[in-house]
Amino acid sequence: MLDSKAVALLAKLCEMTQGEKYSVFDWSDLFDEWPDDGNKAVWRALVQQGCVAVKYDDESSVCFAVTLKGRNMNEELATMNVVGDKEHAVVRTDAAGRPVMVMGNGDSFISHLRKKMHSRSTSFVWGIIGGLIGGLIGGTIIALIMHFAIK
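As the structure is a prediction and not an experimental result, all values here were calculated from the model.

**Q** Which residues make up the overall build of the protein, and what values do they have?
**A** Within the protein, the regular secondary structure consists of five helices and five strands. Seen in sequence order, the protein has helices and strands lined up from the N terminus as α-β-α-α-β-β-α-β-β-α. Buried residues in the protein amount to 25% of all 151 residues. Surface accessibility of the protein: about 10400 Å² in total, with carbon and sulfur atoms responsible for 59%.

Structure (structure tokens):
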């Protein structure tokens, strides 16, 4: 599960490296403050999700490569347009390995669904009314044509 900080770090790592080649960087190149518990959690999330492969790491530097999965996830997330509060959005992978945005704050997501469902139900009702009116007009025209054509 990747939060917004992990997604931002993944984008930064993809810009810093090329392909699936291993690169050596200082921790200070990746993070402003190291060792910070928040930064360690973000790094562990990327490693656990398989976005980053680590060859070795010590107190001052790390040797890693961004995997193909990480690069694909970064590209898909860059093209995704997420409507909602990005602070509460979480990225998870589905069974096929594709990234999926999950809204952590259910209230805003539910209100968004209610608005969408309201507009769909309104469109449904107006569609039925339009169909009835169109059917009545069409039936009247056909009835008039048949009435005058028969005489």
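**Q** Kindly report on helix α3 (residues 37–48), identifying the contributing residues and their values.
**A** Its twelve residues give α3 an end-to-end C-alpha distance of 16 Å, which sits within 8% of 16 Å, the value for a rise of 1.5 Å per residue. Looking at α3, one finds that the buried residues are Asn39, Val42, Trp43, Ala45 and Leu46. Angular distribution of buried residues about the axis of α3 spans 155°; they occupy a single face of the element. Those residues of α3 that are exposed and aimed more than 90 degrees away from the buried face are Asp37 and Gln48. Tucked inside the fold, the buried residues of α3 contact α1 (4–16), α2 (27–30), β2 (52–57) and β3 (61–66).

**Q** An account of a nonpolar patch on the surface is requested, with residue identities and associated values reported.
**A** A contiguous nonpolar patch, built from Phe124, Val125, Trp126, Ile128, Ile129, Leu132, Ile133, Ile137, Ile141 and Ile145 and spanning about 1000 Å² of accessible area, is present on the exposed surface. By the element assignment, Trp126 lies in helix α5 (residues 106–150).

**Q** Give me the lowdown on the sheet that holds β2, citing residues and values where you can.
**A** The sheet built from three strands is open, its strands ordered β1-β3-β2 with antiparallel pairing. The open sheet is flanked by β1 (23–26) and β2, the only strands paired with a single partner. The average angle at which neighbouring strand axes cross in this sheet is 35°, direction not considered. Relative to β3, β2 runs antiparallel, the two being bridged by five bridges. Within β3, the residue paired with Val52 across the bridge is Val66.

**Q** Explain the layout of surface pockets to me, using residue names and the numbers behind them.
**A** If you roll a probe as big as a water molecule over the atoms, it shows you where there is empty space left. The calculated volume of the second largest pocket comes to roughly 180 Å³. Lining the second largest pocket are Lys5, Ala8, Leu9, Lys12, Leu30, Phe31, Asp32, Asn39 and Val42. Among the secondary structure elements, those contributing two or more residues to the lining of the second largest pocket are α1 and α3. It is α1 that contributes the most residues to the lining of the second largest pocket, four residues altogether.

What counts as what
- Residues numbered from 1 in each chain as written.
- Predicted model: local features only at pLDDT ≥ 70, side-chain atom pairs only at ≥ 80, totals over all residues.
- Heavy atoms only, no water.
- Helix = DSSP H or I, 4+ residues; strand = E, 2+ residues; numbered from the N terminus.
- Buried < 20%, exposed > 50% of the residue type's maximum accessible area, 1.4 Å probe, protein only.
- Areas by Shrake-Rupley, 256 points an atom, 1.4 Å probe, with all protein chains shown as cover.
- Expected span 1.5 Å × (residues − 1).
- Arc of directions from axis to C-beta.
- Contact = heavy atoms within 4.5 Å.
- Patch = residues over 30% accessible without salt bridge, like charges linked within 9 Å, V, L, I, M, F, W, Y side chains within 5 Å.
- Salt bridge = Lys/Arg side-chain N within 4 Å of Asp/Glu carboxyl O.
- Pairing = 2+ DSSP bridges.
- Axes fitted to C-alpha atoms, helices over the stretch in contact; angles between N-to-C directions.
- 1 Å grid on protein atoms, 1.4 Å probe; cavity = no way out; pocket = protein on both sides within 12 Å on 5 of 7 lines; lining within 4 Å.
- Points joined across faces, edges and corners; volume = space filled by probe spheres on them.

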